[in-house]
Amino acid sequence: MRRATVTRKTAETEISVEINLDGTGIYDMQTGVGFFDHMLDQLARHSLIDMTVRAKGDLHIDDHHTVEDTGIALGQALVQALGDKRGIRRYGSCLLPMDDTLVRAALDLSARPFLVWDLHMPSQKIGTFDTELVREFFQALSTHGGITLHVDKLHGLNSHHIAEAAFKAVARALREAVEPDPRKGDAIPSTKGSL
């Protein structure tokens, strides 16, 4: 069963994440941050990973802790659900067009977290949402999910489109990486014998 439930409680946030890697992209997001919920919906829908997220954070300060801690919990849930990563494809990539925007995402479920981020957005806000939090989310996801993650904007003028294309591109890459590899059975996808 490639499922996981993670809860994280700090003085700043209380987060609960449930995922099913073998789902159909069913989602139920309630973080209190509307734009972020919309982005998490895209992540679930396009990865085909069922996700339920509940977050209560110190939104009277700003959205930062809620977004970052959700990324931490989601990364931890991925690690838990993947187990020893036996039989997965491990790598995934996507070139995602969205109107004016083209974003490339490539990832390796390597257990060696590293984020390479080249995704400049022309505005500091999307509605009330700070655009810098998009990177904060993916940094937390990469670090706590043990993911080598590269995200690059090749084209883009509209910050909403850029952010959404990034979430969709990472989702599509993640979908590919967590899928069972029909040619490898239950082998661990590394010459080292473990990941």
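Given the structure is predicted, the values throughout are model-derived calculations rather than measurements.

Draft legend 1. Layout of the pairing of strand β1 (residues 3-9). One ladder, built from seven bridges, connects β1 with strand β2 (residues 13-20); its direction is antiparallel. Its bridge partner being in β2, arginine 8 is matched across the sheet by isoleucine 15. Here β1 folds back onto β2 in antiparallel fashion, the turn holding three residues.

Draft legend 2. Spatial organisation of the sheet that holds β2. Spatially, β1-β2-β4-β3 is the arrangement adopted by the four strands of the open sheet, whose pairing is mixed. In this open sheet, the two edge strands, each paired with only one partner strand, are β1 and β3 (27-30). Averaged over all pairs of adjacent strands, the angle between their axes in this sheet comes to 5°, without regard to strand direction. Where β3 and strand β4 (residues 50-57) come together, four bridges link them in parallel fashion. Looking across to β4, one finds that glutamine 30 is bridged to arginine 54. Each of β3 and β4 touches helix α1 (residues 34-47); the most contacted strand, β3, lies at about 160° to it.

Draft legend 3. The arrangement of the nonpolar core in detail. By size, the foremost hydrophobic cluster in this structure holds 58 residues, and its most contacted members are Ile19, Leu43, Leu107, Leu109 and Phe137. Broken down by element, the residue count for this core peaks at twelve residues, all from helix α4 (residues 159-178). If we ignore the near neighbours within four places in the chain, the residues touching leucine 107 are Arg90, Tyr91, Gly92, Ile147, Thr148, Leu149, Val170, Ala173, Leu174 and Ala177.

Draft legend 4. Region of the structure containing the packing of helix α3 (residues 132-145) against α4. Relative orientation of the contacting elements α3 and α4 amounts to 15°, with a least axis distance of 10 Å. The angle between the axes of α3 and α4 places the two elements in the roughly parallel class. In this structure, the crossing between α3 and α4 has a hand that is left-handed. Across from Val134, Phe137 and Phe138 in α3, the residues of α4 making contact are Ala163, Ala166, Phe167 and Val170. Split into classes, the residues belonging to the contact of α3 with α4 amount to seven nonpolar, no polar and no charged.

Draft legend 5. Spotlight on the environment of tyrosine 27. Following the sequence through the fold, tyrosine 27 ends up in strand β3. Put simply, tyrosine 27 and leucine 43 are 16 residues apart on the chain and 9.1 Å apart in space, counted from C-alpha to C-alpha. Every residue in contact with tyrosine 27, bar those within four places of it in the chain, is listed here: Asp41, Ala44, Arg45 and Met51.

Draft legend 6. A look at the sheet that holds strand β6 (residues 101-108). Taken in spatial order, the four strands line up as β5-β6-β10-β7 in an open sheet, and their pairing is mixed. In the strand order of this sheet, the two ends are held by β5 (91-98) and β7 (114-118), each with one partner. The mean angle between the axes of side-by-side strands here comes to 10°, regardless of whether they run parallel or antiparallel. Taken together, the seven bridges between β6 and strand β10 (residues 148-155) define a ladder with antiparallel strand orientation. In the sheet register, alanine 106 faces β10, and the bridge partner there is histidine 150. Here α3 sits on the sheet in contact with β7 and β10, set at roughly 160° to β7. Its contacts with the sheet place α4 against β5, β6 and β10, and it is angled at close to 150° to β5.

Parameters at a glance
Residues numbered from 1 in each chain as written. Predicted model: local features only at pLDDT ≥ 70, side-chain atom pairs only at ≥ 80, totals over all residues. Heavy atoms only, no water. Pairing = 2+ DSSP bridges. Helix = DSSP H or I, 4+ residues; strand = E, 2+ residues; numbered from the N terminus. Axes fitted to C-alpha atoms, helices over the stretch in contact; angles between N-to-C directions. Contact = heavy atoms within 4.5 Å. Core = buried A, V, L, I, M, F, W, Y, C linked by side-chain atoms within 4.5 Å. Buried < 20%, exposed > 50% of the residue type's maximum accessible area, 1.4 Å probe, protein only. Parallel < 35°, antiparallel > 145°, perpendicular 65-115°, else oblique. Left-handed = near helix turned anticlockwise from the far one by under 90°. Nonpolar A, V, L, I, M, F, W, Y, C, P; charged D, E, K, R; others polar.

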